[in-house]
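# Close look at the chain arrangement
Below, each chain spelled out in residue letters.
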Amino acid sequence: VGGGGDGGNEVLLRRLYATGVVFTFAHFVYAPRALRVLAAIRNGGEKSSGRGGGMGSATEAMRQLLAMHVWRTATADVPAFLSFVAALLTAMEKVA
């Protein structure tokens, strides 16, 4: 579309968007573990520990889920968000 000649920004934008997409897909890498832990919570924690069910096991499964969620947020969601924000700001700078 335009003949602006700012190929450096185009390459940067593509890399930022691609990086954001990669980190977005990385979010789903955690899905199998999250589903197992959610099943353990739903079943009263039976699958989360060998000690049997009960409130303690479900509570431990919830702790595992929250720890995994924090790690997933830090390693996938935040980097994806920052990549997309950087791409947006770069694109806006190009327009302005």
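Residues numbered from 1 in each chain as written. Predicted model: local features only at pLDDT ≥ 70, side-chain atom pairs only at ≥ 80, totals over all residues. Heavy atoms only, no water.

Turning our eyes to something else, we now look at the pattern of salt bridges. Summed over the entire model, instances satisfying the criterion amount to one salt bridge. Measuring nitrogen to oxygen at the nearest pair gives 3.4 Å for the salt bridge that ties Glu-60 to Arg-63. Of the two residues, Glu-60 and Arg-63 both sit in helix H3 (residues 55-95), three residues apart, roughly one turn of that helix. In this structure Glu-60 comes out as partly exposed when scored by relative accessible area, which is 29%. (Salt bridge = Lys/Arg side-chain N within 4 Å of Asp/Glu carboxyl O. Helix = DSSP H or I, 4+ residues; strand = E, 2+ residues; numbered from the N terminus. Buried < 20%, exposed > 50% of the residue type's maximum accessible area, 1.4 Å probe, protein only.)

In this section: the side chain of Ser-83. One can find Ser-83 in helix H3. Judged by its relative accessible area of 9%, Ser-83 falls in the buried class. At 2.9 Å, the side chain of Ser-83 forms a polar contact with the backbone oxygen of Pro-79. In contact with Ser-83, other than residues within four places in its own chain, are Leu-16, Thr-19, Gly-20 and Phe-23. (Polar contact = N/O pair within 3.5 Å; in protein donor to acceptor, adjacent residues only side chain to side chain. Contact = heavy atoms within 4.5 Å.)

Bringing the nonpolar core into the picture now. Grouped together as the largest cluster of nonpolar side chains are seven residues: Tyr-30, Ala-34, Val-37, Ala-40, Ala-61, Leu-65 and Met-68. Looking at this core, the elements that each hand over two or more residues are helix H2 (31-42) and H3. Among all residues touching Leu-65, those that are not within four sequence positions of it are Ala-34, Val-37, Leu-38 and Ile-41. (Core = buried A, V, L, I, M, F, W, Y, C linked by side-chain atoms within 4.5 Å.)

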